[in-house]
Structures are given as C-alpha cells and as structure tokens.
Amino acid sequence: MNEITIYHNPDCGTSRNALAIIRNSGVEPTIIYYLETPPTKDVLVQLIADMKITTRELLRKNVEPYEQLGLEKDVYIDEQLINFMLQHPILINRPIVVTPLGVKLCRPSELILEILPNEQLNEFSKEDGQRVVDKNRNKTN
C-alpha cells in the first residue's frame, strides 16, 4: 500500500521537483493530477485542515480566474473560496503532499523533506540547479 500522495501538476517546476524528491526517497507515490481529477469538496476541506493553513493561503494568485473572480477582495467566505477552487482547480496551489508524517503545501519543494518518512537515497538538486540534498544525503539549507 502506497503511503504518499502528491497532488501534482506536471507543468509546474515546483511540483516536478517535489515528485523527484519523493522518488529520491525510494518511493513511487500515488500521483493525483488535480487539474484533471480535482479533489472532492470534503477532501479539499480535509487537506486544508490537515495542512493547518487558511483556505485563502491555498489559493493560487497568479492565474487568470483569480483576477476574473475578484478573489483579491476579502469578501468571500471559506466555502465560497473552496467552491471556486473546485470549479477552477488551477486556483489550488500545489504541490500538496500527503504522507504518514503530515500534509503540506510544498512551496518551495524542499519543504517536503519535513514530512517524508524515508531518507533521501542520493544527492539531489532541483531543476534550476539549486542543491537540496548533498552527497552525504544531508539537507543543504
């Protein structure tokens, strides 16, 4: 049984880096392509609660629906924001990673190291070349 799930957007470098870090721990996670298969309302509410963040903190701001819907205005209640995210999954910030050690919005991607149950198997650098794990498998920052 797989114990790690990533809500993933393959077009996002941060999401690709988080997935690569998971794989560098020797695990092939369950990958949910949330733009194609958004979480249900109940799952999204639970993820937000488990991450201990506000609904607004999960909103992705630099996408078209954010401005079109006027989401920069603080006039919407959480339920409305959640409904917008379900109608427009691009509004859900990513990657969200679920492990036995917790649930986290992994921005930046190396935040995932806080909730991965397994050590990194090899050194690791992000796509931009920034080293995250050194040759001794220690976190660099």
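A brief report on the enclosed structure follows.

Reading the values: rules and limits
Residues numbered from 1 in each chain as written. Predicted model: local features only at pLDDT ≥ 70, side-chain atom pairs only at ≥ 80, totals over all residues. Heavy atoms only, no water. Helix = DSSP H or I, 4+ residues; strand = E, 2+ residues; numbered from the N terminus. Rg over C-alpha atoms; globule rule 2.2 N^0.38 Å. Buried < 20%, exposed > 50% of the residue type's maximum accessible area, 1.4 Å probe, protein only. Contact = heavy atoms within 4.5 Å. Areas by Shrake-Rupley, 256 points an atom, 1.4 Å probe, with all protein chains shown as cover. Lys, Arg positive; Asp, Glu negative; His and termini not counted. Charge placed at Lys NZ, Arg CZ, Asp CG, Glu CD. Core = buried A, V, L, I, M, F, W, Y, C linked by side-chain atoms within 4.5 Å. Phe/Tyr/Trp six-rings, centres within 6.5 Å; stacked < 30°, edge-to-face > 60°.

This next bit is on the overall build of the protein. Assigned secondary structure in the protein consists of five helices and six strands. Each helix and strand of the protein, placed in order from N terminus to C terminus, yields the pattern β-α-β-α-α-α-α-β-β-β-β. Against the compact-globule benchmark of 14 Å for 141 residues, the protein has a radius of gyration of 16 Å, which places it among compact chains. For the protein, buried positions account for 42% of its 141 residues. Long-range pairs, those at least 24 residues apart, make up 55% of the contacts in the protein between residues at least 6 apart in sequence. Carbon and sulfur atoms provide 47% of the accessible area of the protein, an area that totals close to 7800 Å². Each charge class in the protein was averaged separately, 16 positive and 20 negative side chains, and the resulting centres sit 4 Å apart.

Take the nonpolar core next. Among the nonpolar cores identified, the biggest contains 20 residues, and Leu58, Leu91 and Ile96 are the most heavily contacted of them. Setting aside residues up to four positions removed in sequence, Ile96 forms contacts with Thr5, Ile6, Tyr7, Leu47, Met51, Leu58, Val103, Lys104 and Leu105. If you look at the next biggest cluster of nonpolar residues, it comprises 15 residues, including Ala18, Val97, Ile112 and Val132.

Enumeration over the complete set of coordinates arrives at one aromatic pair. Ring geometry for Tyr76 and Phe84: centres 5.1 Å apart, planes at 90°, overall edge-to-face. The class of Tyr76 is partly exposed, set by a relative accessible area of 22%.

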